[in-house]
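Next come the chains, spelled out residue by residue.
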Amino acid sequence: MGDQPLKATLTQVHQNDSPDHTQESHQTDGLHAMRIIIANENTNHTLFIEALLHRSGFRNTQMIANGKELISELNQSLQLQQEEIDLVLISSTLDTNWQTLCKRINQSHVWRDIPLILIASDPEWFEASAKQAFNCGITDVIYTPLRPAHFSPRIYSALLLKKERTIRMINRQAIETELAERKVIDARLQHLVNHDDLTGLYSRRRLVKALSKALSLSIKTDQTVSLLHIDIDQFKVINDLEGHQAGDQLLVNIANLLRDFIDNDKTIARTSSDEYSILIKNDTPEAALSFSEKIRRAMKKFVFSIDDRVYNIGVSIGLAITIKGENISASEMLARADQACFVAKKHGRNMVHQYDNQDREIHQLRDEAFWAPKIKDALNNSRFCLMFQPIINLKTSQIEHYEALIRMYDDNNELISPDVFIPVAERIGMIHDIDNWVIKQAINALKQLPENKSYVSLNINLSSHAFHDPGLLQRIKDALAESQIEGKRITFEITETAAIENYEQTREMIIKLRELGCSFALDDFGVGFNSFSYLKKFPVDYLKIDGSFITNLVNDEVDQALVKSMVEISKTLGKKTVAEFVESEEILKMIKSYGIDYAQGYYIGKPGSEFEGIESVSFCPSP
Ligand code: C2E
Ligand code: CA
Ligand code: CA
């Protein structure tokens, strides 16, 4: 580009145009600070362009005299993590071939978001090669002579384009990170969830999958499916007498023994601590029964020795067999085998019992008949009580929450765990009364705290059935209004599985309760591993990482990786994390280093009847 086309001169620019003081709108906020490179071999031209830019308020400019220098500058801004380049004004007469240069910039995934404006001197020539220029990545072409009135709008629009591209890039990166994280955690959890760490056998979850598949196939092929539920008779004794290590060894030995009986038509899994299941496909009921007997006999012969002590091991086996063409679910099949095993144990252990319809009824009815009057009595005669377990903020070490945990007194005034009576209460429809009782008592407990503890809030567990109760919301509203306790002092805990089961209903209810100021925590997080996509849409404030990931954290690398991923995911989603089952100082230190926000567990404090050390406020009075 010669001097000729550049009609305006530096003096003209300064004399003719007073500085542009137009107010910046929101959209143009920050544009004036963006970094512009003027790549032009002619110093006079460069100075002129710079003056034009300064006049319009663009002060962050840099002059570059040749193509080599431009590439080196782009490289430096990348390597030295300097301020990024936001716009390049490139002269069509730059020493290097501008097409090659622009292509190079455009093809680099790190530079291609930088808009390139070509300052061209010959419109006619350019007309012919316009297509080619845009193919090289040019965003805009400005012809000389440059007119101030035309120049600055083009700069604005190029910088706006850059701003938009940057935002898009940040969003794209966030999505990519999120997807990558999700893939990692899903893969890790898949493995964890599909296998039992100790024995290497399939987990319960994996068995359920195989069972579901076999059941649906059996309808089409008119085959029967059989399921064995194997329970070790003396496991608890050995575990208690010889310790956990011996208990673990026994579980591994039995797994190895059972493995020898498995062929292509059978799937074996460890389904809970001392229970195994075997799924049999393509076999007759008679063959399944005789297979079960074979296992029982083999186990009867098996002896477990530790030092000079020898234990005879026996198993009780429950066997469930479908009737040809029967359409039942995997969970129903598991329940049948479990109930049959219960009967086998009742009949004196070391035996096989084949499920028949009466087994379940007997089992459940016995359970319900036993617990229903007790639950009713507990509600009517104050035989429930709440215990409170502290949750500390790991940054301040201060107790900010307490989780309210229900207990029931039995006839001997011993405390009974909710794990025993809550499932029955859910089955017989008494859970709503329990949920209501807990909410009322918890709010009552808060009311009795002194003023200076008004930052303390309570975590209340809601059963998976809670949101089926149409009156729940109003009752919570009334209880809060009556007690004048602010909603923000209550965090409701719901399990991930329950939340996902009634996804829409739960979501709506959460939104309404949050409008009252209440918070939400997703309990037992990590167990229902495939919930990441739901989680993004779920308006919860806290994720409570399930205790099973925390208890062995110090020694278990898989758990460490999982917990770290869960923390990363929570952070991405803007949610706080809580670790439960913090049972030692080592665990506490570790979770703190992972950036977990809150901790709960026996090391910090066991569930107790006193709340905030105020002994007069006891919600577990002796009956
Ligand atoms: P969750 O909500 O996961 O509660 C945590 C359980 O872990 C509690 O058992 C608690 O005592 C126990 N725990 C706390 N710290 C540690 C620790 O460091 N190590 C170990 N091993 N355990 C720890 P809890 O009180 O027996 O409650 C069992 C489950 O019963 C609860 O699990 C919750 O799902 C349910 N539950 C408890 N209270 C209520 C209630 O008021 N309403 C409803 N619907 N369910 C409740
Ligand atoms: Ca809980
Ligand atoms: Ca939990």
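All residue numbers here refer to positions counted from 1 along the written sequence of the relevant chain. Each chain gets a letter, beginning with A, and each ligand a number, beginning with 1, in the order they are written. Since the coordinates come from a predicted model, pLDDT governs what is reported: local features require at least 70, and pairs of side-chain atoms require 80 or more to be given and counted, while whole-chain, interface and lining totals use all residues. Calculated side-chain values reflect all of the structure's heavy atoms, with hydrogen atoms and water omitted.

Draft legend 1. Representation of the site of ligand 1 within the structure. We call a residue near a molecule or strand as soon as one heavy atom of that residue lies within 4 Å of the molecule or strand. In the neighbourhood of ligand 1, 22 residues make up the surrounding shell, with Gln389, Arg407, Asp523, Glu583 and Tyr602 lying closest. Contact between ligand 1 and Asp524: an oxygen atom at 3.5 Å from a side-chain N or O atom of the residue. Put simply, DSSP marks the helices as runs of H or I at least four residues long and the strands as runs of E at least two long, and each gets a number from the N terminus on. For the shell around ligand 1, the secondary structure elements donating two or more residues are strand S14 (399-409), helix H13 (418-427), helix H14 (431-447) and strand S18 (519-525). The biggest single contributor to the shell around ligand 1 is S14, with 4 residues. Each residue gets one of three labels, nonpolar for Ala, Val, Leu, Ile, Met, Phe, Trp, Tyr, Cys and Pro, charged for Asp, Glu, Lys and Arg, and polar for the others, Gly among them. A breakdown of the residues in the shell around ligand 1 according to their chemical character gives 9 nonpolar, 5 polar and 8 charged. For this analysis, a polar contact is any N or O atom pair within 3.5 Å, provided that within protein one partner can donate a hydrogen and the other can accept it, and provided that sequence-adjacent residues contribute only side-chain to side-chain pairs.

Draft legend 2. Local environment of the coordination of the calcium ion (ligand 2). Only Glu403 (OE), Asn461 (OD1), Glu493 (OE) and Asp523 (OD) from the protein reach the calcium ion (ligand 2) as donors, at distances of 2.1 to 2.4 Å. Spacing between the donor residues of the calcium ion (ligand 2) along the chain follows E-x57-N-x31-E-x29-D. Between the calcium ion (ligand 2) and the calcium ion (ligand 3), the interatomic distance is 4.3 Å, and Asp523 donates to each metal, bridging them. One end of the pair, Glu403, is in strand S14; the other, Glu493, is in strand S17 (residues 490-495), with 90 residues separating them in the sequence. Throughout, exposure labels follow a simple rule: accessible area from a 1.4 Å probe, protein chains only, divided by the maximum for the residue type, with under 20% read as buried, over 50% as exposed, and the rest as partly exposed. Assessed through its relative accessible area of 1%, Glu493 is described here as buried. The donor set comprises N, O and S atoms within 2.8 Å of the metal, extended to 3.2 Å for Na, K and Ca; water molecules are omitted, so apparent gaps in a site may simply reflect that omission.

Draft legend 3. Here's a closer look at the sheet that holds strand S11 (residues 315-321). DSSP-based pairing: two strands are paired if at least 2 bridges between them are found. Strands sit in the order S7-S8-S6-S11-S12 across an open sheet of 5 strands; the sheet is mixed. Both edges of this open sheet fall to strand S7 (266-272) and strand S12 (352-354), since each of them pairs with a single strand only. Averaged over all adjacent pairs, the angle separating strand axes in this sheet is 20°, with direction ignored. Across 6 bridges, strand S6 (residues 226-232) lies against strand S8 (residues 275-280) in antiparallel orientation. Across the sheet, Ile230 pairs through a bridge with Tyr276, a residue of S8. Strands S6, S7 and S8 of the sheet are contacted by helix H7 (residues 204-221), whose axis makes an angle of about 140° with S7. Note on definitions: angles span 0 to 180 degrees between N-to-C directions of axes, and those axes are lines fitted to C-alpha atoms, for helices only across the stretch in contact. Residue contacts follow a heavy-atom distance rule, with two residues in contact if any of their heavy atoms lie within 4.5 Å.

Draft legend 4. Inspection of the packing of aromatic side chains at higher detail. Pairing of aromatic rings covers Phe, Tyr and Trp, the last counted by its six-membered ring, and requires centre-to-centre distances within 6.5 Å; plane angles under 30 degrees mean stacked, over 60 mean edge-to-face, and any other angle means tilted. What the rule picks out here adds up to 7 aromatic pairs. Ring geometry for Phe384 versus Trp437: centroids 5.7 Å apart, planes at 50°, classification tilted. Of this pair, Phe384 sits in strand S13 (residues 384-393) while Trp437 sits in helix H14, placing them 53 residues apart in sequence. Judged by relative accessible area, Phe384 falls into the buried class, the value being 3%. By relative accessible area, which is 16% here, Trp437 ends up buried. A ring is considered to have a charge above it if a Lys NZ or an Arg CZ atom is located within 6 Å of its centre and within 35 degrees of its normal. The ring of Phe370 carries Lys374 above its face, with NZ or CZ at 4.8 Å from the centroid.

Draft legend 5. Focus on the pairing of S18. Most of S18 sits inside the fold, with 6 of its 7 residues counted as buried. Pairing analysis gives 5 bridges linking S17 to S18, with the strands arranged parallel. Bridged to Thr491 within S18 is Ser519. As paired elements, S18 and strand S19 (residues 542-545) share 3 bridges and run parallel to each other. Within the sheet, the bridge partner assigned to Leu522 lies in S19 and is Leu543.

Draft legend 6. Examining the pattern of salt bridges more closely. The rule for a salt bridge is simple: a side-chain nitrogen of Lys or Arg has to be within 4 Å of a carboxyl oxygen of Asp or Glu. Under the counting rule described, the total for this entry stands at 23 salt bridges. Of the charged contacts, one joins Glu403 and Lys544 as a salt bridge, the two residues approaching to 2.8 Å between their closest N and O atoms. On the criterion of sequence distance, the pair formed by Glu403 in strand S14 and Lys544 in strand S19 is long-range, its members being 141 residues apart. Accessibility classification places Glu403 together with Lys544 in one group, the buried group. Three or more residues are tied together by salt bridges with common partners; here these are Glu242, Asp307, Asp308 and Arg309.

Draft legend 7. Examining the coordination of the calcium ion (ligand 3) more closely. Coordination of the calcium ion (ligand 3) by the protein comes from Asp523 (OD), Asp524 (OD), Glu580 (OE) and Glu580 (OE), over a distance range of 2.3 to 2.6 Å. The sequence pattern formed by the donor residues of the calcium ion (ligand 3) is D-D-x55-E. Asp523 gets classed as buried once you look at its relative accessible area, which sits at 8%. By relative accessible area, which is 28% here, Asp524 ends up partly exposed.

Draft legend 8. Structural detail: the packing of H14 against helix H15 (residues 472-483). Between H14 and H15, whose axes approach to 10 Å, the crossing angle comes to 20°. The angle between H14 and H15 falls in the class roughly parallel. Relative to H15, H14 is oriented so that their crossing is right-handed. Every residue of H15 that contacts H14 at Asn436, Ile439, Ile443 and Lys447 is listed here: Leu472, Arg475, Ile476, Ala479, Leu480 and Ser483. Of the residues assigned to the contact of H14 with H15, the class counts are 6 nonpolar, 2 polar and 2 charged. Working definition: roughly parallel below 35 degrees, roughly antiparallel above 145 degrees, roughly perpendicular at 65 to 115 degrees, and oblique for all remaining angles. The handedness criterion is simple: a crossing whose near helix is rotated anticlockwise from the far helix by less than a right angle is left-handed, and one whose near helix is rotated clockwise is right-handed.

Draft legend 9. Structural detail: helix H20 (residues 585-593). Ile587, Leu588 and Ile591 are the residues of H20 that are buried. Projected onto a plane normal to the axis of H20, the buried residues spread over an arc of 100° and lie on a single side. In this structure, H20 carries Lys589 and Ser593 as exposed residues pointing more than 90 degrees from its buried face. The first or second residue beyond H20 is Gly595, which carries a positive phi of 85°. The arc in question is the one spanned by the directions pointing from the helix axis to the C-beta atoms.

Draft legend 10. A look at the pairing of strand S2 (residues 61-64). As judged from the 4 bridges shared by strand S1 (residues 36-39) and S2, these two strands associate in the parallel manner. What sits directly across from Ala39, in S2, is Ile64. If you view a crossover with the strands going away from you and the path from the first strand over the helix to the second runs clockwise, you call it right-handed. Once you follow S1 into helix H2 (residues 43-55) and on to S2, the crossover reads as right-handed.

Draft legend 11. The state of the cysteines, seen in detail. Any pair of cysteine sulfurs within 2.5 Å is marked as a disulfide. Counted according to the given criterion, the structure contains 0 disulfides. Between Cys136, a free cysteine, and Cys102, which holds the nearest cysteine sulfur, the sulfur-to-sulfur gap is 6.4 Å. Among the residues examined, Cys136 registers a relative accessible area of 1% and is labelled buried.

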